[in-house]
Amino acid sequence: MAGISTGQALAEWRSSEQVENGTPSTSPPYWDSDDSDDTGAKPSELYGKYTWKIEKFSQINRRELRSNAFDVGGIQWYILIYPQGCDACNHLSLFLCVANHDKLLPGFSHVAQFTITLVNSDPKKSKYSDTLHRFWKKEHDWGWKKFMELSNVLDGFIDADTLIIKAQVQVIRKKILCISEQCKSEDENGLPFSIPFSLKLEERADRPFRCLGFQYRRELVCVYLTNVEQICQRFVEERRGKLGKFIEDKARWSSFCAFWLGTDQNARRCMSREKLDSILKVVVKHFFIVKEVTSTLVMDSLYSGLKALEGQTKSRKGRAKLLDAEEMPAPIVCVEEDMFVLVDDVLLLLERAALEPLPPKDEKGPQNRTMDGGPREDFNKDSIERDERYLTELGRRTIEIFVLAHIFSNKIEVSYQEAVALKRQEELIREEEEKKGKKSEQKAKRGAIKKGKKAKKNQVSIT
C-alpha cells in the first residue's frame, strides 16, 4: 500500500482559500471546463471531499477506527485509521476503503485518485499524501502503513485533543460498455460466472480523457508538474533518438529518401494518414498506468493537448483560442475528420522532429513559486495558468510525436522495408538469371568447341 507524499513547500498553498473555495480563473478553456466527449459523468461530479474530526484522540485505546461512510462518484467510502500503526510500529496508518466491501460483486472495479491530509494547526505543516489505485473485491482498501511517525503527531496535529483528517477522492470516469441480461465475469478464484441483469463497466480507453475535476487538478498541477514533464520528456527523447539514429545512418537515410521521392503522390498521401482512434487507443494504453499517481494528470494534459491540436485545424474562434497564434509552433500533424494527417512532407517532418525539443518551461514555473516577491495568492493564480498552458503544450507536442512515430513505423517504414525487400528479391532474381545466362553461354561455347573438334576429327578421317 503506497502513495507519494508531498513536501511542506506546497502545504500552505494546498490548504489556502484559493484551493478550498475553487477561485475562478481565466485559465485555458480546455482546463476550466468539464466538457467530455461522451455522455458519462463529468469529473467534477465524481469528485468529493470529506472531513473527519476525531475528538478525545488521547483517550482512544482501540486498534482501529473507521469514519462514517461518505459518497463520492456513487460509491460509499470510509477512512480507516490505526492510531498505533498497522504492521508498522510507532507509526500512524491511514487508508481509504470501500464500504460494504464484503457485499461487492466480483466484477466490481473502480479506479480512484485520492489525497489524505492530516491537518496541522500550522497550515504549512499539514501532511498530504496522494495515490492512485484500482479498487476491487480483493483490494478494497489502499493507503499508507507509515503515514506518519507517532512522535510527530504531537507536533501541532492534535488541537484540543482533536485529530482532523481530510480526504479528497476523484473517481475516474466510467463508460457503460454493455447492458445485457447476462454479463460474464470471474469470481475471486478466477472461475467464470454470469451476473444477471447487470451493467458491465469499463474505463473509457479509446482516447485521452479528462480524469480530474478542475479544483483537484489545480492542486495536483502544483505538486506534480515536474513529474509530468519528465514523463513527456522521456517519451519524446526516446522517439527523437530513434528518428535521429535512422537519419544519421547515411546509407539507410539515402535509400529511404530515394524510396520516398520515387513514390507517387497518392501513395504518399495514403501513407501519411491514419485513423485517429486507432492511434489514440495506443496513447492511452502507453500513458495511463494504474498505481502511477501522475497518470491522471498526464491524461488530462494529453486530453487538453488533443483539443488544442484539433483547434489548430479549425478556425481560431471561441474555444479554439487556447494559445495566441504567435505562441503556437508550426504543427506536425493535423486532424481531418477521423484521421490524423501529417501536415508536410515526411522527410522534412522527420528531420524537424529529430531536432526540435519540447517547449521550454517558464522561468516562473513551479520550481520558483516560493521565490516570487509578489502576493502569494496572486502569484499562485498566475503560476497555475502558466503551468496549465505549459501542460497543454506538453500534451500537444507529445501527441504529435506519438502520431508521427506511429505513422512512420507502422505505415511508411513498413512500406519502405517491403520496397527494399522487393528490390532485393528482384536483384536476387536478376543475379540468378545472369548466372543461368552465363552458364548457358559457357555451355554453348563448350558445345561449339566440342563440335568444332569433332568436325576437324571427321575431316582428318576422310583425308
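Higher on the page you've got the structure.
Bear in mind that the values here come from a model prediction, so they are computed numbers and not experimental data.

Rules used in this analysis
- Residues numbered from 1 in each chain as written.
- Predicted model: local features only at pLDDT ≥ 70, side-chain atom pairs only at ≥ 80, totals over all residues.
- Heavy atoms only, no water.
- Axes fitted to C-alpha atoms, helices over the stretch in contact; angles between N-to-C directions.
- Helix = DSSP H or I, 4+ residues; strand = E, 2+ residues; numbered from the N terminus.
- Parallel < 35°, antiparallel > 145°, perpendicular 65-115°, else oblique.
- Left-handed = near helix turned anticlockwise from the far one by under 90°.
- Contact = heavy atoms within 4.5 Å.
- Nonpolar A, V, L, I, M, F, W, Y, C, P; charged D, E, K, R; others polar.
- Core = buried A, V, L, I, M, F, W, Y, C linked by side-chain atoms within 4.5 Å.
- Buried < 20%, exposed > 50% of the residue type's maximum accessible area, 1.4 Å probe, protein only.
- Expected span 1.5 Å × (residues − 1).
- Arc of directions from axis to C-beta.
- Phe/Tyr/Trp six-rings, centres within 6.5 Å; stacked < 30°, edge-to-face > 60°.
- Lys NZ or Arg CZ within 6 Å of the ring centre and 35° of its normal.
- Salt bridge = Lys/Arg side-chain N within 4 Å of Asp/Glu carboxyl O.
- Pairing = 2+ DSSP bridges.

Asks: Any chance you could break down the packing of helix 5 (residues 214–248) against helix 10 (residues 346–355) for me, citing the residues and the numbers?
Replies: Close contact between helix 5 and helix 10 brings their axes to 8 Å; oriented N to C, the two are set at 125°. In this view, helix 5 runs oblique relative to helix 10, as classed from their interaxial angle. Taken as a pair, helix 5 and helix 10 cross one another with a handedness that is left-handed. Contacts between helix 5 and helix 10 involve R240, L243, G244 and I247 from the first element and L350, E351, A353, A354 and L355 from the second. Taken together, the residues of the contact of helix 5 with helix 10 sort by class into six nonpolar, one polar and two charged.

Asks: Kindly report on the nonpolar core, identifying the contributing residues and their values.
Replies: By size, the foremost hydrophobic cluster in this structure holds 65 residues, and its most contacted members are F256, F287, F340, L350 and I412. For this core, the elements supplying multiple residues, two or more each, are helix 5, helix 6 (250–261), helix 8 (276–287), helix 9 (295–313), strand 15 (333–336), strand 16 (339–342), helix 10 and helix 11 (376–462). Setting aside its immediate chain neighbours within four residues, I412 contacts F256, F259, W260, M271, L342, V346 and I407. In this structure, F57, L65, I75 and V171 belong to the second largest nonpolar core, which totals 34 residues.

Asks: Let's hear about the environment of W136: which residues, and what values?
Replies: Along the chain, the position of W136 falls in strand 8 (residues 127–136). In sequence terms W136 and F108 are 28 residues apart; their C-alpha atoms lie 5.4 Å from each other. In contact with W136, not counting residues within four places along its chain, are F108 and S109.

Asks: Lay out helix 6 with the relevant residues and their values.
Replies: With 12 residues, helix 6 extends 16 Å between its outermost C-alpha atoms, agreeing within 8% with the 16 Å of an ideal straight helix rising 1.5 Å per residue. Within helix 6, the full set of buried residues consists of W253, F256, C257, F259 and W260. Taken around the axis of helix 6, the buried residues stretch over an arc of 160°, which confines them to a single face. Turned more than 90 degrees away from the buried face of helix 6, the exposed residues are K250, A251, A258 and L261.

Asks: Just give me the short version of the packing of aromatic side chains, but keep the residues and values in it.
Replies: Applying the stated rule across the entire model yields 20 aromatic pairs. Residues F114 and F135 carry aromatic rings whose centres are separated by 6.1 Å and whose planes lie at 45° to one another, so their mutual orientation is tilted. You can see F114 sitting in strand 7 (residues 109–118) and its partner F135 sitting in strand 8, a full 21 residues away along the chain. F135 carries the same exposure label as F114, and that label is buried. Centre to centre, the rings of F246 and F256 are 5.5 Å apart; their planes meet at 80°, and the pair counts as edge-to-face. With F246 in helix 5 and F256 in helix 6, this pair connects stretches of sequence that are 10 residues apart. Of the two residues, F246 and F256, neither departs from the other in class, the shared state being buried. Among the aromatic side chains, those forming a connected cluster through ring pairs are F246, W253, F256, F259, W260, F408 and Y416. Directly above the ring of F147 sits K127, whose terminal nitrogen or CZ lies 5.7 Å from the centroid. Stacked on the ring of W142, the Lys or Arg K291 has its end atom at 3.7 Å from the ring centre.

Asks: Can you lay out the pattern of salt bridges for me, pointing to particular residues and giving the numbers?
Replies: Two side chains carrying opposite charge are able to pair once their charged atoms lie near each other. Following the criterion strictly, the structure yields 19 salt bridges and no others. The salt bridge partner of R207 is E310, with a shortest N-O separation of 3.8 Å. Taken as a pair, R207 in the loop between strand 13 (192–203) and helix 5 and E310 in helix 9 lie far apart in primary sequence, 103 residues in all. Residue classification places E310 among the buried residues on the basis of a relative accessible area of 15%. The salt bridge involving E237 is made with R240; its shortest N-O contact spans 2.9 Å. Separated by three residues within a single helix, E237 and R240 lie in helix 5, roughly one turn from each other. In this structure R240 comes out as buried when scored by relative accessible area, which is 12%. When salt bridges with common partners are traced through the structure, they connect R63, E64 and R66 into a single cluster.

Asks: Account for helix 8, naming residues and giving values.
Replies: Taking 1.5 Å per residue as the helical rise, helix 8 with its 12 residues ought to reach 16 Å, and the 17 Å between its terminal C-alpha atoms agrees with that figure. For helix 8, the complete set of buried residues consists of L276, I279, L280, V283, V284 and F287. Projected down its long axis, helix 8 shows its buried positions confined to an angular sector of 140°, all on one face.

Asks: Quick one: what's the story with unusual backbone geometry, residue by residue and with numbers?
Replies: Phi is positive for K56, which is not a glycine, with a value near 50°. Residue K56 is classed as exposed on the basis of its relative accessible area, which comes to 54%.

Asks: I'd like to hear about the sheet that holds strand 16, residue by residue, with values.
Replies: Spatial ordering of the open sheet is given by 14-16-15, a layout of three strands whose pairing is antiparallel. Either end of the sheet is taken by a strand with one partner, and the two such strands are strand 14 (273–275) and strand 15. Going across the sheet, the axis of each strand differs from the next one's by a mean of 25°, ignoring polarity. In terms of strand pairing, strand 14 meets strand 16 through three bridges, oriented antiparallel. Each residue of the ladder has a partner; that of E274, found in strand 16, is F340. Across the face of the sheet, helix 8 comes into contact with strand 14, strand 15 and strand 16 while running at roughly 75° to strand 14.

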